[in-house]
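One-letter residues, chain by chain:
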Amino acid sequence: MDQNNSLPPYAQGLASPQGAMTPGIPIFSPMMPYGTGLTPQPIQNTNSLSLLEEQQRQQQQQAQQQAQQQQQQQQQQQAVAAVQQSTSQQAAPGASGQTPQLFHSQTLTTAPLPGTTPLYPSPVTPMTPITPATPASESSGIVPQLQNIVSTVNLGCKLDLKTIALRARNAEYNPKRFAAVIMRIREPRTTALIFSSGKMVCTGAKSEEQSRLAARKYARVVQKLGFPAKFLDFKIQNMVGSCDVKFPIRLEGLVLTHQQFSSYEPELFPGLIYRMIKPRIVLLIFVSGKVVLTGAKVRAEIYEAFENIYPILKGFRKTT
Amino acid sequence: KIKFFFPFSLDALPRVTCPNHPDAILVEDYRAGDMICPECGLVVGDRVIDVGSEWRTFSNDKATKDPSRVGDSQNPLLSDGDLSTMIGKGTGAASFDEFGNSKYQNRRTMSSSDRAMMNAFKEITTMADRINLPRNIVDRTNNLFKQVYEQKSLKGRANDAIASACLYIACRQEGVPRTFKEICAVSRISKKEIGRCFKLILKALETSVDLITTGDFMSRFCSNLCLPKQVQMAATHIARKAVELDLVPGRSPISVAAAAIYMASQASAEKRTQKEIGDIAGVADVTIRQSYRLIYPRAPDLFPTDFKFDTPVDKLPQL
């Protein structure tokens, strides 16, 4: 276990916690060690008393922060160790080594912004009924498959669409309908829109590498037709992935609890449209259990979004 | 600002009280424009504008317009305190000049600031009138439109589209949802555009609406098909049971309702074809067929126990 030897600066002035904690109602609970009621606790969102929801929320937060916050967890461990005992009781780090995840998940339920993770975790004893959301049990084992990548590239020179359309194979150009040449290649199976400004949009690839390769192939075609084509600013604009959670989902329940993110209108679209805030991904969730994720710029966002949504979907599994 | 005082109303304004009797409720005498303390008779406030009639009319015939009414009975809540009036068309012969044109042509609008809003209110009233919506839904729609209009977040969208979407939301909020197709039928806007505006308005006003259920539409569809109450109740029961037993996952509640009505009507004396039900519900008859196929296997379980079958369950049409 890697531990940072030097305590970060914030851990030293722990009498006054970071601004992420509101100096609100001190929580005096028989579960908490004596004296903790005096420290400001983050105001828990007690609107819903459902344990399942709380678990889901924590698991969601946990999964969100997990990958990035490994290092900070280590620092928190040290912070906990430094705080819980001033001088003695070095046994506590052993116990707290078990619980940082609990602290982590609990504090993070109230810290909306990942950048302002409160570093003074509430010293909740392990007796509190919060499921320790260990990462191993939460990974779904399902990996979303990428279905479509949309990318753009600048060929760097003005193009004459008419000559391209006339001389290139598999190119269509209908200026009255659309002001670009639509070209297709078979390997990788993609379609490109080539504009007269020299910019090009490449769609249909199944992976980032394939998208780049296809864009290069189109650029080569244009080059062979006599234009001084370059390959500038290749950027992936959108990635679409899909997967199957293998169980039916109660969309009505999901829209009730996640109202601010979900939109489910059976008259308009049979799936539930879930707009996740972090990462900024739109998910289409269907009754059959199929999930489509879109709006990602990098592959990791798709994976992260699915890991976030999977525990929530498990909570809304249809039982019959 | 002119405040309207109604006689004998409770004076809730804390600032005007009788100095000797602060607890006394002041009585407004609108004829003289005073506010009088009932305990001691002190005139507390004066110069209150009299909003009573300017003159009294005694004529029995109602043919002539009542000259004591000045201005339209517009609600100030919605139109920014509308006190404007317009010069009407001339009635006598003197109002026309030599060519027959009316002398006073200036019908320029006075409430230019909210012209679009008044237009939209008129459109909303027209739309609601076509499907016989009660006044409370129209008022709610007007309120929603005013909120959206003032927010200006959907400024680029056609006002008619926003109005149609507001009407849809108002019906939903009042607990009597109308389908998008029903709103389309009275509006010139496409279902796609109304759907888009609907989602945008929900986001802009930060509200949400309840999910539609099959029971919301039963009474309307069955009445339009002239089905008796027994059939309507049976159809409601069938649809509810079908959703509970999860026989129709992922189907729109409208389609399930239509299929339930079909099943109930086919089992009773008042049979309706799929096409008729599809026309009323706004559902394609193949869709009704699909949903019917899903509920058909469990038909005996879906009917209410006290239903009188004109056609027994096993003789129901199988499509």
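Residues numbered from 1 in each chain as written. Chains lettered and ligands numbered in written order. Predicted model: local features only at pLDDT ≥ 70, side-chain atom pairs only at ≥ 80, totals over all residues. Heavy atoms only, no water.

Asks: Help me get a handle on the overall build of chain B, residues and values and all.
Replies: Counting secondary structure elements, chain B contains 11 helices and 3 strands. For chain B, the sequential pattern of α-helices and β-strands runs β-β-β-α-α-α-α-α-α-α-α-α-α-α. The buried share among the 319 residues of chain B stands at 38%. The long-range share in chain B, meaning contacts at least 24 apart out of those at least 6 apart in sequence, stands at 59%. When the accessible area of chain B is evaluated, it comes to approximately 19400 Å², of which 52% is carbon and sulfur surface. (Helix = DSSP H or I, 4+ residues; strand = E, 2+ residues; numbered from the N terminus. Buried < 20%, exposed > 50% of the residue type's maximum accessible area, 1.4 Å probe, protein only. Contact = heavy atoms within 4.5 Å. Areas by Shrake-Rupley, 256 points an atom, 1.4 Å probe, with all protein chains shown as cover.)

Asks: Residue-level account of the packing of helix α1 (residues 115-130) of chain B against helix α2 (residues 135-151) of chain B, with values.
Replies: Residue and element names in this part refer to chain B. Contact geometry for α1 and α2: axes closest at 10 Å, N-to-C directions at 150°. Between α1 and α2, the crossing angle belongs to the class labelled roughly antiparallel. Like other packed secondary-structure pairs, α1 and α2 cross with a definite hand, here right-handed. Residues Ala 116, Met 117, Ala 120, Phe 121, Ile 124, Thr 125 and Ala 128 of α1 form the contact with α2, whose own contacting residues are Arg 135, Val 138, Thr 141, Asn 142, Phe 145, Lys 146 and Tyr 149. (Axes fitted to C-alpha atoms, helices over the stretch in contact; angles between N-to-C directions. Parallel < 35°, antiparallel > 145°, perpendicular 65-115°, else oblique. Left-handed = near helix turned anticlockwise from the far one by under 90°.)

Asks: I'd like a description of unusual backbone geometry, backed by residues and values.
Replies: Residue and element names in this part refer to chain A. Put simply, Glu 187 and Pro 188 share a cis peptide bond, and its omega is -5°. Within the secondary structure layout, Pro 188 lies in the loop between β3 (180-185) and β4 (190-195). In this structure, the amide linkage connecting Lys 278 to the following residue, Pro 279, adopts the cis form with an omega of 0°. Its location among the elements puts Pro 279 in the loop between β8 (272-276) and β9 (281-285).

Asks: Account for the interface of chain B and chain A, naming residues and giving values.
Replies: Taken together, the contact between chain B and chain A spans 18 residues of the former and 14 residues of the latter. Counting across the interface, chain B meets chain A through 2 salt bridges. Between A:Glu265 and B:Arg172 there is a salt bridge, with its nearest N and O atoms 2.4 Å apart. Between chain B and chain A we count 6 residue pairs in polar contact (both at pLDDT 80 or more) in total. Counting residues per element, the side of chain B that touches chain A draws most heavily on helix α5 (residues 191-205) of chain B, which supplies 4 residues. Across the side of chain B that touches chain A, the residue classes tally to 9 nonpolar, 5 polar and 4 charged. (Salt bridge = Lys/Arg side-chain N within 4 Å of Asp/Glu carboxyl O. Polar contact = N/O pair within 3.5 Å; in protein donor to acceptor, adjacent residues only side chain to side chain. Nonpolar A, V, L, I, M, F, W, Y, C, P; charged D, E, K, R; others polar.)

Asks: Lay out the sheet that holds β3(A) in plain terms, naming residues and giving numbers.
Replies: Judged by pairing direction, the sheet is antiparallel, and its 10 strands sit side by side in the order β2-β3-β4-β5-β1-β6-β10-β9-β8-β7 (chain A) without closing on themselves. Edge positions in the open sheet fall to β2 (171-173) and β7 (262-263) of chain A, since each of these has one partner strand only. (Pairing = 2+ DSSP bridges.)

Asks: Hey, could you go over the pattern of salt bridges for me, with residue numbers and the actual values?
Replies: Summed over the entire model, instances satisfying the criterion amount to 20 salt bridges over all chains. Here B:Arg140 ties to B:Glu174 by a salt bridge, and the two come within 2.4 Å at their closest N and O atoms. On the criterion of sequence distance, the pair formed by B:Arg140 in helix α2 and B:Glu174 in the loop between α3 (159-173) and α4 (180-185) is long-range, its members being 34 residues apart. We classify B:Glu174 as partly exposed; its relative accessible area is 29%. Residues B:Arg298 and B:Asp301 are paired through a salt bridge, measuring 2.8 Å at the closest nitrogen-oxygen approach. Residue classification places B:Arg298 among the partly exposed positions, given a relative accessible area of 33%. A network of salt bridges, in which partner residues are shared, links A:Glu172, A:Arg177 and A:Arg184.

Asks: Could you give an account of the pairing of strand β10 (residues 290-296) of chain A, naming the residues involved and the relevant values?
Replies: Along a regular strand, successive side chains alternate from one face of the sheet to the other. Residues and elements named next belong to chain A. Here strand β6 (residues 232-244) pairs with β10 via 6 bridges, running antiparallel. Following the sheet pairing, Asp 244 is matched in β10 by Lys 290. By the bridge criterion, 4 bridges tie β9 to β10 in an arrangement that is antiparallel. In the sheet register, Val 282 faces β10, and the bridge partner there is Thr 294. Between β9 and β10, which pair antiparallel and follow one another directly, the connecting turn spans 4 residues, one of which, Gly 289, has a positive phi of 105°.

Asks: I'd like a description of the side chain of B:Arg178, backed by residues and values.
Replies: All names here are of chain B. Secondary-structure assignment places Arg 178 in the loop between α3 and α4. In this structure, Arg 178 is buried with no salt-bridge partner, the nearest side chain bearing the opposite charge being Glu 182 at 4.8 Å. Polar side-chain contacts of Arg 178 include one of 2.9 Å to the backbone oxygen of Val 176. (Lys, Arg positive; Asp, Glu negative; His and termini not counted.)

Asks: Any details on the pairing of strand β1 (residues 145-154) of chain A? Residues and values, ideally.
Replies: All names here are of chain A. As paired strands, β1 and β6 are joined by 8 bridges and run antiparallel to one another. Following the sheet pairing, Val 150 is matched in β6 by Asn 238. Looking at chain direction, β1 and strand β5 (residues 199-205) are connected through 6 bridges and run antiparallel. The partner of Thr 152 across the bridge, within β5, is Val 201.

Asks: Would you mind going over the environment of B:Lys89 in detail, with residue names and values included?
Replies: Residues and elements named next belong to chain B. With respect to the secondary-structure elements, Lys 89 resides in the loop between β3 (43-45) and α1. What makes Lys 89 exposed here is its relative accessible area of 70%. Taking the C-alpha atoms as reference points, Lys 89 and Lys 103, 14 residues apart in sequence, are found 9.3 Å from one another.

Asks: Any details on the packing of aromatic side chains? Residues and values, ideally.
Replies: The relative placement of two aromatic rings is captured by the distance of their centres and the angle of their planes. This structure, assessed with the given rule, holds 17 aromatic pairs over all chains. Plain terms: the ring middles of B:Phe217 and B:Phe221 are 5.8 Å apart, the flat faces sit at 20° to each other, and that makes the pair stacked. Remark: B:Phe221 and B:Phe217 occur in helix α6 (residues 215-224); sequence separation between them is 4 residues, near one turn of the helix. B:Phe221 matches B:Phe217 in its accessibility class, with the two residues each being buried. Put simply, the rings of A:Phe247, A:Phe306 and A:Tyr310 pair up and form one aromatic cluster. Geometry around A:Phe231 places A:Arg216 over its ring, the cationic atom sitting 4.4 Å from the centre. Across from the ring centre of B:Tyr149, 5.6 Å away, lies the NZ or CZ of B:Lys152, which sits over that ring. (Phe/Tyr/Trp six-rings, centres within 6.5 Å; stacked < 30°, edge-to-face > 60°. Lys NZ or Arg CZ within 6 Å of the ring centre and 35° of its normal.)

Asks: Give a description of the nonpolar core that names residues and reports values.
Replies: The biggest cluster of nonpolar side chains holds 57 residues, and the ones touching the most others in it are A:Ile164, A:Leu283, A:Ile285, A:Leu293, A:Ile309 and A:Leu313. Considering each element in turn, this core owes the most residues, 7 residues, to helix α9 (residues 299-315) of chain A. Excluding residues within four positions of it along the chain, A:Ile164 makes contact with A:Leu159, A:Ala171, A:Val181, A:Met183, A:Leu225 and A:Phe227. Listed in part, the 39 residues of the second largest apolar core include B:Val231, B:Ile254, B:Ile261 and B:Ile288. (Core = buried A, V, L, I, M, F, W, Y, C linked by side-chain atoms within 4.5 Å.)

Asks: Please give an account of the confidence of the model for chain B that cites residues and values.
Replies: Residue and element names in this part refer to chain B. On average, residues of chain B carry a pLDDT of 84, and 80% of them reach 70 or more. Scored below 50 in pLDDT, residues 8-14 makes 9 contacts in the model with residues more than four places away or belonging to other chains. Prediction confidence for the complex, expressed as pTM and ipTM, is 0.68 and 0.75 respectively. (pLDDT = per-residue confidence, 0-100.)

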